[in-house]
Amino acid sequence: MPEAMLELNDVHTYYDHIHALKGVSMTVNEGEIVALIGGNGAGKTTTLRTVSGMMKPRQGAVTMNGVSIAGIPAHHILKMGMSHVPEGRRIFKDLTVRENLDVGAYSVTDRSLIEHRIQEGFTFFPRLKERENQLGGTMSGGEQQMLAIARALMVAPKLLLLDEPSMGLSPLFVEAIFDIIVKLNKERGTTVLLVEQNANMALSIAHRAYVLQTGEIKLSGNAADIAQDESVRKAYLGED
Ligand code: ATP
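These numbers come from a predicted model, not from an experiment.

**With respect to the environment of serine 83**
Position of serine 83 relative to the elements: it lies in strand S6 (residues 82–85). By relative accessible area, which is 3% here, serine 83 ends up buried. Taking the C-alpha atoms as reference points, serine 83 and valine 28, 55 residues apart in sequence, are found 14 Å from one another. Beyond its immediate stretch of four places on either side in the chain, serine 83 contacts Leu78, Ala152, Val155, Pro157, Leu159, Leu160 and Leu161.

Dropping the structure here:
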């Protein structure tokens, strides 16, 4: 049996009276890339927010390596080895690339370790090295996405949550970002929970996938099987 790194069991999350997650159960095993796909408003972002401690579920269990994390503050969860790259990137536009990476390492106190991780980040993203002293806000969307991921890596996460990393990017950048996700997973063993509207791309790199619809998991299985599923192809892969 693979070891579950993240487990959600019957999770219900609300925005006031809006019942956004209606009993979500899912598992992410160590070493996997798991895709969470679904249409607009399905609850994908809410799932990541609930996992990373930005939102507290009203009901249900969330565990990381067997430890309950539901409702625990986000900075504690970060220290347990989970990093969340939110939708829309949210890098600091008025800080340089290097300063953004420094901020990402705020919970790391060892300066030489921080420097080591910055250099590691530059190895993964040579483009960021070239732009080390450039202000984040002056970079292209794809570069900002790279920076957002590199910043999340500054804590050397065991589990990386990615919310729509391909959003608004040109096809070349989309490919570059997905290549990096695969590389992180293969070379570092980073476990990834990937939320995407771009279901085709997400299913092409994921091991397993869950399909979310109006707050409920409608389908789950091997990513290759989900990609073949007729209802999924019609709804999310742009086929009639
Ligand atoms: P998208 O791809 O459009 O971001 P999503 O699958 O990530 O969609 P969520 O953003 O998680 O979906 O939204 C799930 C439900 O919660 C939707 O009905 C949405 O309208 C509602 N919702 C999301 N954010 C808020 C908020 N801040 N306040 C109130 N309702 C919200």
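**A closer look at the site of the ligand**
Near the ligand, the surroundings consist of 15 residues, among which Gly41, Gly43, Lys44, Thr45 and Thr46 are the closest. Alanine 42 has a polar backbone atom sitting 3.1 Å from an oxygen atom of the ligand. One of the backbone nitrogen or oxygen atoms of glycine 43 is found 2.9 Å away from an oxygen atom of the ligand. Listed by contribution, the elements that provide at least two residues to the shell around the ligand are strand S2 (18–29) and helix H1 (44–52). Ranked by the residues each element gives to the shell around the ligand, the list is headed by H1, at 4 residues. Class assignment for the residues of the shell around the ligand results in 4 nonpolar, 7 polar and 4 charged.

**Notes on the domain arrangement of the protein chain**
Segmentation of the protein chain into domains returns domain 1 (1–81 + 157–240) and domain 2 (90–156). Each of domain 1 and domain 2 has a C-alpha centre, and the two are 24 Å apart. Residue-level contacts link 18 residues of domain 1 with 17 residues of domain 2. A per-residue breakdown of the area domain 1 buries against domain 2 is headed by Pro157, Phe173 and Arg188, which together make up 35% of the total. Where domain 1 packs against domain 2, one counts 1 salt bridge. Across the pair arginine 188 and glutamate 120 runs a salt bridge, and its minimum N-O distance is 3.3 Å. At the junction of domain 1 and domain 2, the tally comes to 2 residue pairs in polar contact (both at pLDDT 80 or more). Sorting the residues of the side of domain 1 that touches domain 2 by element identifies helix H2 (74–79), strand S7 (159–163) and helix H7 (171–188) as the ones contributing at least two each.

**What about the sheet that holds strand S4 (residues 59–64)?**
Strand order in the open sheet made by the 4 strands is S2-S1-S4-S5, with antiparallel pairing throughout. Looking along the sheet, the strands with just one partner apiece sit at the ends: S2 and strand S5 (67–68). By the bridge criterion, 5 bridges tie strand S1 (residues 4–15) to S4 in an arrangement that is antiparallel. Residue pairing across strands places glutamate 7 opposite threonine 63, the latter belonging to S4. Each of S1, S2 and S4 touches H1; the most contacted strand, S1, lies at about 115° to it.

**So, the side chain of glutamate 132**
Inspection of the secondary structure puts glutamate 132 in the loop between helix H5 (126–130) and helix H6 (141–152). For glutamate 132, the contacting residues outside a window of four places in its chain are Thr96, Val97, Arg98 and Phe122.

**Side note on the nonpolar core**
Within the largest apolar cluster, 47 residues are counted, with the highest numbers of intra-cluster contacts made by Ile37, Phe125 and Leu128. Top element by residues in this core is H7. It accounts for 7 residues. Residue-level mapping places this core at the junction of two domains, with at least three residues from each of domain 1 (1–81 + 157–240) and domain 2 (90–156). Apart from the residues lying within four places of it in its own chain, the contact partners of leucine 128 are Val97, Phe122, Met139, Glu143, Met146, Leu147 and Ala150.

**Let's talk about unusual backbone geometry**
With the exception of glycine, the majority of residues adopt a negative phi angle, and the majority of peptide bonds are in the trans configuration. With phi around 45°, asparagine 65 is a residue other than glycine that occupies positive phi space. Secondary-structure assignment places asparagine 65 in the loop between S4 and S5. Assessed through its relative accessible area of 39%, asparagine 65 is described here as partly exposed. Despite not being glycine, glutamate 164 has its phi angle at roughly 50°, a positive value. By secondary structure assignment, the location of glutamate 164 is in the loop between S7 and H7. Accessibility expressed as a relative area gives 5% for glutamate 164, which makes it buried.

Cut-offs applied
Counting restarts for each chain: residues are numbered from 1 in the order of the written sequence. Totals for whole chains, interfaces and linings use all residues, but because this is a predicted model, local features are given only for residues with pLDDT of at least 70 and pairs of side-chain atoms are given and counted only at 80 or more. To get the side-chain values, take all heavy atoms of the structure and skip hydrogens and water. Labels follow the DSSP assignment, with helices taken as runs of H or I lasting at least four residues and strands as runs of E lasting at least two, numbered in each case from the N terminus. Burial classes: relative accessible area under 20% of the type maximum marks a residue as buried, over 50% as exposed, and values in between as partly exposed (1.4 Å probe, protein chains only). Should any heavy atoms of two residues lie within 4.5 Å, those residues are counted as being in contact. Nearness of a residue to a molecule or strand requires only that one of the residue's heavy atoms be within 4 Å of it. Think of a polar contact as two N or O atoms within 3.5 Å of one another; within protein, one of them needs to be a possible hydrogen donor and the other a possible acceptor, and neighboring residues in sequence only count if both atoms come from side chains. For this classification, Asp, Glu, Lys and Arg are treated as charged, while Ala, Val, Leu, Ile, Met, Phe, Trp, Tyr, Cys and Pro are nonpolar and the rest, including Gly, are polar. These domain limits were set by an automatic method or by a database of domain assignments. Values labelled buried area give the accessible surface lost by two parts on being combined, using a 1.4 Å probe and summing over both. For this analysis, a salt bridge means a side-chain nitrogen from Lys or Arg found within 4 Å of a carboxyl oxygen belonging to Asp or Glu. Strands were regarded as paired on the criterion that DSSP finds at least two bridges between them. To obtain an axis, a line is fitted to C-alpha atoms, over the contacting stretch when the element is a helix, and the angle between two such axes runs from 0 to 180 degrees between their N-to-C directions. Here, the term nonpolar core denotes a set of buried Ala, Val, Leu, Ile, Met, Phe, Trp, Tyr and Cys residues that are joined through side-chain atoms within 4.5 Å.

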